[in-house]
Amino acid sequence: MKLSIKLFILLGGFSLAAAVVYGFLTRFDELVGFPGLLAVGAMSFMLAVYLWLVDRNTGGVLPEDKLDGEIVESAGEYGHFSPWSWWPLLLGTGCALAFTALAMGWWILWVAAPVAVLSLLGLIFEYSRGDHAH
């Protein structure tokens, strides 16, 4: 995990430096590249901080960090997933409609927002009701 933390810090620093250079070369007139590079840098630093906090709390060494680590050491359960759930498909449809609204017209957000919000609520509360309630 320590290697991942270092890589995300390196990526964040490079993205911020590239954003500054890009901004000066375009005189900060171009409104896509400069904020995009800033966002990539910020998200890289957020991932580095998250991984650092997880590493600090768990204290364990991952098999990826060991030079003699074996693939079988990573085996095990990775989480709980619902193979029968349709909510991720509906959420993806709502997000796709929202990105279509950015390209074609803002009026599409009136369709995309309810689809995305309802499907997100359905995904979150999937195990609160019905046969699989906890």
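In the nomenclature of an unreviewed UniProt entry, the protein is known as Cytochrome c oxidase polypeptide 4 of Kocuria aegyptia. Quoted verbatim from the Subcellular location (unreviewed entry) field of UniProt, the annotation for the protein is "Cell membrane". In its Subunit (unreviewed entry) section, the UniProt entry covering the protein states "Associates with subunits I, II and III to form cytochrome c oxidase."

1. Things to note about the packing of aromatic side chains
Inspection of every chain in the model, using the stated rule, returns three aromatic pairs. Ring geometry for Phe 28 versus Phe 34: centroids 5.0 Å apart, planes at 90°, classification edge-to-face. Looking at Phe 28, the relative accessible area reads 40%, which means it is partly exposed. One aromatic cluster is present, formed by Phe 24, Phe 28 and Phe 34 through successive ring pairs. Directly above the aromatic system of Trp 52 lies the positively charged group of Arg 56, at a separation of 4.9 Å from the ring centroid.

Definitions and cut-offs
Residues numbered from 1 in each chain as written. Predicted model: local features only at pLDDT ≥ 70, side-chain atom pairs only at ≥ 80, totals over all residues. Heavy atoms only, no water. UniProt positions renumbered as here; feature names shortened; annotations may be inferred. Phe/Tyr/Trp six-rings, centres within 6.5 Å; stacked < 30°, edge-to-face > 60°. Buried < 20%, exposed > 50% of the residue type's maximum accessible area, 1.4 Å probe, protein only. Lys NZ or Arg CZ within 6 Å of the ring centre and 35° of its normal.

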